[in-house]
Amino acid sequence: MERKSMEERLRCVADTLGLLDYVPAATAGLTKKISGCDFSHFDLTDLEAGIHPFITTYRSLQSRTQLHNALSVYDDLREGTSATLHNFQALQESEKSGFPYSMMECTYCFKSFRVLLHTLLGNVHPLTNAWDTFVSLWIGREARLAEYLGPCQFALVLRWLQIRFSAWFTDQHREPVMISVPDFTGLLTKILYEESWMPTLPPRYQNHSFFPARVLGMSAPAPATRALTPSTRRSSLRSTTPTSTAPRRPASPAPAPSPAPAPAPGGAVQGRGARVNNSSFHAAFTPFRQLGLPLMMVRDRAREANRGVPNNDDHVEFCLSYHVLGFCWENCGRTQDHRSHRPAEHARLVAWCTDCYREGGPL
Ligand SMILES: [Zn+2]
């Protein structure tokens, strides 16, 4: 069985690298890509295609369990056991990887991707070597990098790398000569020197549920914007260690939470439709809005804890964007919740936010 042998191979390579805790998930999708030598692709905007760090993102324990269960159903299927449509949906759902929101999740992804590259290309390939160097420098500078990167920027780090991996695989696929490998370490310099480096996500991923409004430059209220600057980030990280020895940098150029990602070629705006403001925004949600958390992270963490976003009285999931952030988009899947809440609905959403709208997930 192809997938299982892939799983074994990945585990074996991880073992030789001392990375057994970082074995990438041998999903059906990944197996297909590898057995079909489908590394190169011409669409840089497709984060699911190709071989790059987005495909080895961190999974929570619960998400790993779900994937494991779904894959054993898949293995059964391949042996001819009957399956239901539900099985296929579960498999598809569990194969989806998420975005990293913390240094830990990002570093996990990089180590896991090391295992994958070593498995695919071996230990001496220049691309493998370039990646090994990058990862070891990243790990050595984690503490400093953490001062410059907020929860929303880790996905952009992956995007920066993904563009280079995808471009390299594509070029190498086209050309008969050896294409020089990307300089991944340049990213570290750019971040630490506060040079501009943040790419935009492809339009279809520029979802308001992924990035909070301020990162998309839509309604950046001053206090929320500050949440991402190194100085405030540093103070929140070190609030318990008053005697910080790190050199304090002048409170100068806040690395701009990326400028409004181009309202842009191809029309991200078309996809989500026009902006809809909540004219009766309830002040009870202000404290949650001010946390500046990516809604997708809030939802994911809550779902993992079996505390998914509740429904309104019409059995439609509450639209966090509309009620907590104060605006949404025409093409939101929860437009039936773009209305004022009845008292019981309001109380239900506030109670849920109190428990679940937190950086670390539900209490
Ligand atoms: Zn909405």
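Rules and cut-offs
- Residues numbered from 1 in each chain as written.
- Predicted model: local features only at pLDDT ≥ 70, side-chain atom pairs only at ≥ 80, totals over all residues.
- Helix = DSSP H or I, 4+ residues; strand = E, 2+ residues; numbered from the N terminus.
- Buried ≥ 20, exposed ≤ 12 C-beta atoms within 10 Å, placed from the backbone.
- Contact = placed C-beta atoms within 7 Å.
- Expected span 1.5 Å × (residues − 1).
- Arc of directions from axis to C-beta.
- Axes fitted to C-alpha atoms, helices over the stretch in contact; angles between N-to-C directions.
- Parallel < 35°, antiparallel > 145°, perpendicular 65-115°, else oblique.
- Nonpolar A, V, L, I, M, F, W, Y, C, P; charged D, E, K, R; others polar.
- Left-handed = near helix turned anticlockwise from the far one by under 90°.
- pLDDT = per-residue confidence, 0-100.

Help me get a handle on the overall build of the protein chain, residues and values and all.
Within the protein chain one finds 16 helices and 2 strands. The burial tally for the protein chain puts 32% of its 363 residues in the buried class. Considering only contacts within the protein chain whose residues lie at least 6 apart along the sequence, 75% involve residues at least 24 apart.

Tell me about the environment of Thr133, residues and numbers included.
Tracing the backbone through its elements, the reader meets Thr133 in helix H6 (residues 126-140). Placed 51 residues apart in sequence, Thr133 and Phe184 show a C-alpha to C-alpha distance of 8.5 Å.

Residues and numbers for helix H3 (residues 61-78), please.
Look at H3: 26 Å from first C-alpha to last across 18 residues, which is about the 26 Å you get at 1.5 Å a residue. Within the sequence span of H3, burial applies to Leu67, Ala70, Leu71 and Tyr74. Buried residues of H3, seen end-on, are gathered within an arc of 105° and therefore sit on one face of the element. Relative to its buried face, H3 has exposed residues pointing more than 90 degrees away, namely Leu61, Gln62, Thr65, His68 and Ser72.

Which residues make up the packing of helix H1 (residues 2-17) against helix H2 (residues 28-35), and what are the values?
The N-to-C vectors of H1 and H2 enclose an angle of 90°; their axes lie 10 Å apart at closest approach. With respect to H2, the axis of H1 lies roughly perpendicular. On H2, the residues touching Glu2, Arg3 and Met6 of H1 are Ala28, Thr31, Ile34 and Ser35. Within the contact of H1 with H2, the residues separate by chemical class into 3 nonpolar, 2 polar and 2 charged.

Describe the environment of Arg289, listing the residues and the values that go with them.
Relative to the helices and strands, Arg289 is located in helix H13 (residues 286-290). Spatially, the C-alpha atom of Arg289 lies 5.8 Å from that of Val324, the residues being 35 residues apart in sequence. Discounting residues that sit within four places of it in the chain, Arg289 has contacts with Val324, Leu325 and Gly326.

Could you give an account of unusual backbone geometry, with specific residues and numbers?
Even without being glycine, Asn306 reaches a positive phi, approximately 55°. Summarising the element assignment, Asn306 is placed in the loop between helix H14 (295-304) and helix H15 (320-325).

So what's going on with the packing of helix H5 (residues 103-121) against H6? Residues and values would help.
Look at H5 against H6: their axes get within 10 Å of each other, and the N-to-C directions meet at 160°. In terms of orientation, H5 and H6 fall into the roughly antiparallel class. Like other packed secondary-structure pairs, H5 and H6 cross with a definite hand, here left-handed. Taken together, the residues of H6 that come into contact with H5 (itself represented by Thr107, Phe110, Lys111, Arg114, Leu117, His118 and Leu121) are Leu127, Thr128, Trp131, Asp132, Val135, Trp138 and Ile139.

Break down H1 for me, with residues and values.
Taking 1.5 Å per residue, 16 residues should reach 22 Å; H1 reaches 23 Å between its end C-alpha atoms and fits that length. Contact partners of the buried residues in H1: H2 and H5. Among the residues trailing H1, Gly18 stands out with phi positive, at a value near 70°.

Tell me about the environment of Glu330, and name the residues and values.
Checked against the element boundaries, Glu330 lands in the loop between strand E2 (327-329) and helix H16 (343-356). Judged by the 11 C-beta atoms lying within 10 Å of it, Glu330 is exposed. Once the C-alpha coordinates of Glu330 and Asn277 are considered, the two residues, 53 residues apart in sequence, prove to be 9.9 Å apart. If we ignore the near neighbours within four places in the chain, the residues touching Glu330 are Gly273, Ala274 and Val276.

Would you mind going over the confidence of the model for the protein chain in detail, with residue names and values included?
In this model, the protein chain carries an average pLDDT of 80, and 80% of its residues clear a pLDDT of 70 or more. Predicted confidence is poor over residues 208-269, with pLDDT under 50, and the contacts of this stretch with residues over four places away or in other chains come to 74 contacts.

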